[in-house]
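Coordinates in review
Here's the letter readout for the chains.
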Amino acid sequence: MTAAESKSPATGLFMIAACAGVANASLLCAPVLATQLMAELGYDARRTGLFFSLEFAGYCVAGLFGRMALPRFGWPLLLRAAILTAIVGNLCALACLHHPDILLAARLLTATGNALMGIVAMSYANIHPRSRQAYGIYIMGQCIAGTLGLIFLPTLFLHTGIAAYFLLLPCLLTILLFGVSRLPPGRALQEAGGPNRSTPASGSHVPIRRLAVLLFYVGLSGIWTFSGQLAMAAGFNAQHSGYMLGLAAGFGILGSSAATWLGKDDYSDRSLTLTGYGLLRASLLMLVWPWAPSFVVGTLLFKFSWTFVVPVLFAVVGRQDRSGEVVAEINFIAGLGLAVAPWAGGQ
């Protein structure tokens, strides 16, 4: 963000990254969480898939709400409301950990707050003059949080169980509340003109781009949620699997860093997208082979490639947006993909 857009540009970018990491914690740490749900609470693959499907259904709820709210309310106000909702939801989940039906309802509430927080952060990235670079920082925040979670959560779970996860998040969310005041009222910026946007794409391209986002997140969530089980099939135990996936998240940092760096330059969206999807296809070919070296290379490449291509995907679709409505719609569509994939994968 420029100085005119933020009380502190560095703080604004930090908040984008921090909100992205905390808001998407369940997606980022899904392999470790899925394994722990099965081991500690006795969930089978179907119930685990339902758990994450409801988590990601919150993206749909938040997307619908955000499409109406972002053009009408100040974005810092919406961000505070989202953070408080997520805090309450996590504490409710902690209190009813051994009551599966209530736990699922609590996670849906939490996921809605988390997703709205992510939508607001994405909206701030979208109004950045270099949106590809800002989206790269958004994804980088996710990857840093995912790396830390996948490395340290397995060890934490060995000593405290999964309850530690639902207690840790409210603490982090409370810290984030103090940074909200450093963000500008995004809606007012858009009314004042905001940064220039490219001419919106023709109507015939809009459904194609929506379908691209949907299919991308169906594939991403379906693979990443059960990658812990793929790791075990390749010969890794639960703790080593966590370390392996944490290392993969580190490669995600490299992918998002590459997207951020290239976002400064005038590389074409087409060339960056084709590069990212080419790497994704190569990683999938390696992951389907149940052999440890193939799994290691495939996982690292998968994480690098999807974090590389997502900033470009979001920036292209977001060029149609000036008020946050399209960003909210992206999250609704992504939520559909995220919600369907774990359920389908658990069948």
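Look up: the structure comes first, before these words.
To keep things clear, this report deals only with the structure shown in the data block. (Residues numbered from 1 in each chain as written. Predicted model: local features only at pLDDT ≥ 70, side-chain atom pairs only at ≥ 80, totals over all residues. Heavy atoms only, no water.)

1. Some thoughts on the packing of helix α3 (residues 30-40) against helix α4 (residues 45-69)
Their axes nearest at 10 Å, the elements α3 and α4 cross at an angle of 135 degrees. One element, α3, and the other, α4, form an angle in the oblique class. Two packed elements cross with a definite hand, and for α3 against α4 that hand is right-handed. Taking contact as the criterion, the partners of Ala30, Leu33, Ala34, Leu37 and Met38 in α3 are, on α4, Ala45, Thr48, Phe51 and Phe52. (Axes fitted to C-alpha atoms, helices over the stretch in contact; angles between N-to-C directions. Helix = DSSP H or I, 4+ residues; strand = E, 2+ residues; numbered from the N terminus. Parallel < 35°, antiparallel > 145°, perpendicular 65-115°, else oblique. Left-handed = near helix turned anticlockwise from the far one by under 90°. Contact = heavy atoms within 4.5 Å.)

2. Structural notes on α3
With eight of its 11 residues buried, α3 lies for the most part within the structure. Within the span of α3, buried status applies to Ala30, Pro31, Val32, Leu33, Ala34, Thr35, Gln36 and Leu37. Backbone geometry just downstream of α3 places Gly42 in the positive-phi region, at approximately 75 degrees. (Buried < 20%, exposed > 50% of the residue type's maximum accessible area, 1.4 Å probe, protein only.)

3. What to know about helix α6 (residues 100-126)
In this model α6 runs 38 Å from its N-terminal to its C-terminal C-alpha over 27 residues, within 8% of the 39 Å that 1.5 Å per residue would give. Most of α6 is tucked away, with 21 of its 27 residues classed as buried. (Expected span 1.5 Å × (residues − 1).)

4. Considerations on the packing of helix α5 (residues 75-95) against α6
Axis separation between α5 and α6 bottoms out at 8 Å; the angle between their running directions is 155 degrees. One element, α5, and the other, α6, form an angle in the roughly antiparallel class. The handedness of the crossing between α5 and α6 is left-handed. Of the residues in α6, those in contact with Trp75, Pro76, Leu78, Leu79, Ala82, Ile83, Thr85, Ala86, Gly89, Asn90, Cys92 and Ala93 of α5 are Leu103, Ala106, Arg107, Leu109, Thr110, Gly113, Asn114, Leu116, Met117, Val120, Ser123 and Tyr124. Looking at the contact of α5 with α6 residue by residue, the classes come out as 16 nonpolar, seven polar and one charged. (Nonpolar A, V, L, I, M, F, W, Y, C, P; charged D, E, K, R; others polar.)

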